[in-house]
Amino acid sequence: MDVVIFIISVIVAVAIGAAAGVFAGIQIRRNTAEKEIGSAEEEARRIVADAIKNGEAKKKELVLEGKEEVHRFRNESEKEIADRRREVQRQERRIQQKEETLDRKLDNVEKKDEKVSKKIREADTKLEEIETIKKSQFEMLEKISGYTAEQAKNYLLSQLEDELTHEKSVKIMEYQQQLKEEADEKARNIISLSIQKLAAEQVAEATISVVPLPNDEMKGRIIGREGRNIRAIETLTGVDLIIDDTPEAITLSCFEPVRREVARIALERLISDGRIHPARIEETIEKARREVDATIKREGEHAVLELGIHNIHPELVKLLGRLRYRTSYGQNVLNHSIEVAYLAGMMASELGLDPTLAKRAGLLHDIGKSIDHEVEGTHIQIGVDLARKYKESDAVIHAIHAHHGDVEAKTIVAILVQAADALSAARPGARRENVENYIKRLQKLEEVASSFNGVDNCYAIQAGREVRVMVKPEVVKDERMIPLAREICKKIEEELEYPGQIKVNIIRESRAAEFAR
């Protein structure tokens, strides 16, 4: 029992001690907290006091800076105002000086004005005196002559006018007669000298060529089996082969000299080679065309070099070469152009002009004839267009345009080309008009036949009694050939004048080729 009481007592004592310890700890913590709160309040008051003190100091500092800035601005403004005031004062002084200068000049002007006014008054006084003297002299002359001043003036003028008119007419007639005589004499001398210096021979061109044969058996080989060889030659060249009773010769007939030359060269080579069949004929004709093209180029270059003309466009040189196979009234156009160039150049030299320009214009004056069967228009207009296209000078273009009088010749070179062209054409035997008309008729015949759709090539043969028309097989079918022939015949009857009748022969040929390997 005592033990229990003792234990309880111990427990109670321990509990009381624990409670006392807890209370004491609480009291201690309370005291510590109060001390800390007091310290914090002191610190806060100190911080606030420092902030107030720093704020006051900053405020004073800013106020001082503001005062300094205001003072600086004031100084700068006063300095700028002072500078502007000095500038204004300087400008005022300059203006004052200018005003003084203007015043002095104005004084001088006024003085000069006074002098001028004085001189004018003196001049007016003298003029009045002169008028008085003149009037008195006129009155005296009127009394002596019995005429008034106006009557005397009119009389003198009429007399002088009559005399001047008569003398002027006499002088004009004398000068005209003298100039005409001198011009005629000069022209005769220039033309005669030019013609004497140029001794060119002219041979009228024909529209046929004769090819000699080694023997008459060759005619049969040229005709070929069922006429296939001669048909191939005529179809590919557009030339009519006339195989008649003439021994050892075949005649080639065609109004187009280039085609006739190609056929002549090809036929001579076929005869020389001996192998005559359609494939060989086609190959030989193509080679002959290339050879003729090379000859055309060579002839053009030779003409240019012979005349000493430089810087002609290469295409114009080729067109000049084509004139080698072109005729005008039977006269070879290239030879005619060279002759015109020589004549124009020599006449220009006699007149003291540039002979090179005259030669150039003379050489190119008929250049349009090289393609006049391919392009619509006169050879003059075609030549003008070609010269413009290949950058020839205005003087050359004008000479080409005026050489037949289509436009008025405005330069001496154009007049010289006109004269040279007329001289060259007027040589005895130089031209044969019936050939030219014949060629024009054949060309017109080909143009009519070529105007239809589907026509590939056409050739006038048999001296214009037949036109051979090759059509495109993919365009013109077999059933269309007879109506096309009738249409061509009808148009020929409407547009052309011709002797006898013309046969229209339409050929439609299709080829197929393959190689066996």
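Refer to the preceding data block for the structure.
Numbers given for residues are sequential positions, taken from 1 along each chain in its written order. In keeping with the predicted nature of the model, local features appear solely for residues at pLDDT of at least 70, side-chain atom pairs appear and are counted solely at 80 or more, and the whole-chain, interface and lining totals rest on all residues. Side-chain numbers here rest on the full set of heavy atoms in the structure, without hydrogens or water.

Chemist: Looking at this structure, I do not really get the overall build of the protein chain. What am I missing?
Modeler: Secondary structure elements are defined from DSSP: runs of H or I of at least 4 residues count as helices, runs of E of at least 2 residues count as strands, and each element is numbered from the N terminus. Counting its secondary structure elements, the protein chain contains 14 helices and eight strands. Counting over 517 residues, the protein chain shows a buried share of 32%. Every accessible area reported is derived by Shrake-Rupley at a probe size of 1.4 Å, with residue values counting cover from the shown protein chains alone. Surface accessibility of the protein chain: about 34200 Å² in total, with carbon and sulfur atoms responsible for 54%. Exposed residues in this analysis have more than 50% of their type's maximum accessible area, buried residues have under 20%, and partly exposed residues fall in between, with area computed by a 1.4 Å probe over protein chains only.

Chemist: I'm lost on helix α5 (residues 257-273) in this one. Help?
Modeler: Quick reminder: α-helices carry 3.6 residues per turn. Residues three or four places apart thus point the same way. How far a helix is expected to stretch is found by multiplying one less than its residue total by 1.5 Å. With 17 residues, α5 ought to run about 24 Å at 1.5 Å a step, and its terminal C-alpha atoms sit 24 Å apart, in line with that. Most of α5 sits out of view: twelve of its 17 residues are buried. Those residues of α5 not exposed but buried are Pro 257, Val 258, Arg 259, Arg 260, Glu 261, Val 262, Ala 263, Ile 265, Ala 266, Leu 267, Leu 270 and Ile 271. Backbone geometry just after α5 places Gly 274 at a positive phi near 90°.

Chemist: Quick question: what am I supposed to make of the sheet that holds strand β8 (residues 503-508) here?
Modeler: Sheets are built from strands that pair by backbone hydrogen bonding, the pairs being arranged parallel or antiparallel. Pairing between two strands requires that DSSP report at least two bridges joining them. Taken in spatial order, the three strands make up an open sheet running β6-β7-β8, and their pairing is mixed. What marks the edges here is a single partner per strand, and that holds for β6 (455-461) and β8. With strand direction ignored, the average angle separating the axes of adjacent strands in the sheet is 20°. By the bridge criterion, six bridges tie β6 to strand β7 (residues 466-471) in an arrangement that is antiparallel. Bridge pairing in β7 links Asn 457 to Met 470. Contacts are assigned to residue pairs with any non-hydrogen atoms lying within 4.5 Å of each other. Axis definition: a line fit to C-alpha positions, over the contact stretch in the case of helices; interaxial angles, taken between N-to-C directions, run 0 to 180 degrees. In the packing of helix α4 (residues 228-237) onto the sheet, the strands contacted are β6, β7 and β8, and the crossing angle to β6 comes to about 110°. Each of β7 and β8 is contacted by helix α14 (residues 478-495), which is oriented at about 150° to β8, the strand it contacts most.

Chemist: Looking at this structure, how should I read the pattern of salt bridges?
Modeler: Any two side chains of opposite charge can pair, on the condition that their charged atoms come close. Salt bridges, as used here, are contacts in which a Lys or Arg side-chain nitrogen is within 4 Å of a carboxyl oxygen on Asp or Glu. Following the criterion strictly, the structure yields 24 salt bridges and no others. Measuring nitrogen to oxygen at the nearest pair gives 1.8 Å for the salt bridge that ties Glu 291 to Arg 269. Remark: Arg 269 occurs in helix α5 and Glu 291 occurs in helix α6 (residues 278-307); sequence separation between them is 22 residues. On the accessibility criterion, Glu 291 (30% relative accessible area) is partly exposed. Look at the salt bridges and you will find they share partners, linking Asp 273, Arg 275, Arg 280, Glu 283 and Lys 287 into a network.

Chemist: Would you explain the packing of helix α10 (residues 379-389) against helix α11 (residues 394-402) in this entry?
Modeler: The geometry of a pair of packed helices is captured by two quantities: the angle between their axes and the separation between those axes. Two numbers describe how α10 lies on α11: the axes approach to 8 Å, and their chain directions differ by 170°. By the angle between their axes, α10 is roughly antiparallel relative to α11. Residues Ile 380, Gln 381, Gly 383, Val 384, Ala 387 and Arg 388 of α10 form the contact with α11, whose own contacting residues are Ile 397, Ile 400 and His 401. Tallied by class, residues from the contact of α10 with α11 come to five nonpolar, three polar and one charged. Orientation categories follow fixed angle ranges, with anything under 35 degrees roughly parallel, anything over 145 roughly antiparallel, 65 to 115 roughly perpendicular, and all other angles oblique. Following the grouping adopted for this structure description, the nonpolar residues are Ala, Val, Leu, Ile, Met, Phe, Trp, Tyr, Cys and Pro, the charged ones are Asp, Glu, Lys and Arg, and the polar ones are all others, Gly among them.

Chemist: What is the right way to look at the packing of aromatic side chains in this model?
Modeler: Two measures describe an aromatic ring pair: the distance that separates the ring centres and the angle between the ring planes. In this scheme Phe, Tyr and Trp rings, the latter by its six-membered ring, pair at centre separations within 6.5 Å, and the angle between planes marks the pair as stacked below 30 degrees, edge-to-face above 60, and tilted otherwise. Summed over the entire model, instances satisfying the criterion amount to zero aromatic pairs. In this scheme, Lys NZ or Arg CZ marks a charge over a ring once it lies within 6 Å of the ring centre and within 35 degrees of the ring normal. The ring of Phe 452 has Lys 491 lying over it, and the distance from NZ or CZ to the ring centre is 5.4 Å.

Chemist: Can you walk me through the pairing of β7 in this structure?
Modeler: In regular strands, side chains alternate between the two faces of the sheet. The element β7 is largely enclosed, with a buried count of six among its six residues. Burial of the side chains of β7 extends over both faces: Glu 466, Arg 468 and Met 470 are buried on one face and Val 467, Val 469 and Val 471 on the other. Two elements, β7 and β8, share six bridges in a ladder whose sense is parallel. Residue pairing across strands places Glu 466 opposite Lys 503, the latter belonging to β8.

Chemist: Just to check I follow, could you spell out a negative patch on the surface for this structure?
Modeler: A cluster of acidic residues, Glu 99, Glu 100, Asp 103, Asp 107, Glu 110, Asp 113 and Glu 114, forms a negative patch at the surface. Note on placement: Asp 103 falls in helix α1 (residues 2-145). Patches were defined on residues exceeding 30% relative accessible area and lacking a salt bridge, with like-charge contacts within 9 Å and nonpolar side-chain contacts (Val, Leu, Ile, Met, Phe, Trp, Tyr) within 5 Å. In this charge count, Lys and Arg are treated as positive and Asp and Glu as negative; neither His nor the chain ends contribute. Where a charge sits is defined by one atom per residue type, namely NZ (Lys), CZ (Arg), CG (Asp) or CD (Glu).

Chemist: Help me understand the packing of helix α9 (residues 355-364) against α11, please; the structure alone is not making it clear to me.
Modeler: Close contact between α9 and α11 brings their axes to 9 Å; oriented N to C, the two are set at 45°. The angle between α9 and α11 places the two elements in the oblique class. The hand of the α9/α11 crossing is right-handed. Packed against α9, whose contacting residues are Leu 357, Arg 360, Ala 361 and Leu 364, the element α11 presents Ala 395, Val 396, Ala 399 and Ile 400 at the interface. For the contact of α9 with α11, a count of residues per class yields seven nonpolar, no polar and one charged. Helix crossings get a hand from a simple test, with the near helix turned counterclockwise from the far one by less than a right angle marking a left-handed crossing and a clockwise turn marking a right-handed one.

Chemist: Could you clarify how one ought to interpret the side chain of Asp 240 in this entry?
Modeler: Positionally, Asp 240 belongs in strand β2 (residues 240-242). For the buried Asp 240, no salt bridge is present, and the opposite-charge side chain at shortest range is Arg 468, 5.3 Å distant. Setting aside anything within four residues of it in sequence, one finds Asp 240 in contact with Glu 234, Thr 251, Leu 252, Ser 253, Ile 461 and Gln 462.

Chemist: Where do I start with α14 in this structure?
Modeler: When the terminal C-alpha atoms of α14 are compared, their 27 Å separation across 18 residues agrees well with the 26 Å that a helix rising 1.5 Å per residue should span. Within α14 the residues assigned to the buried category are Met 481, Leu 484, Ala 485, Ile 488 and Ile 492. End-on, the buried residues of α14 take up no more than an arc of 105°, which puts them together on one face. Relative to its buried face, α14 has exposed residues pointing more than 90 degrees away, namely Glu 479, Ile 482, Arg 486, Lys 490, Glu 493 and Glu 494. In this description, the arc belongs to the directions extending from the helix axis to the C-beta atoms.

Chemist: So what exactly am I meant to see when it comes to unusual backbone geometry here?
Modeler: Glycine aside, a negative phi is what most residues show, and trans is what most peptide bonds show. The phi dihedral of Glu 226 is positive, around 55°, even though this residue is not glycine. Glu 226 sits in the exposed class, given a relative accessible area of 72%. Within the chain, Asn 311 stands out as a residue other than glycine whose phi angle is a positive 60°. On the secondary structure map, Asn 311 appears in the loop between α6 and α7 (314-322). For Asn 311, a relative accessible area of 74% translates into the label exposed.

Chemist: Teacher, can you tell me more about a positive patch on the surface here?
Modeler: Together, Lys 111, Lys 112, Lys 115 and Lys 119 line one region of the surface with positive charge. Following the sequence through the fold, Lys 111 ends up in helix α1. With a relative accessible area of 52%, Lys 111 lands in the exposed category.

On their own, these measurements won't tell you what the molecule is for.
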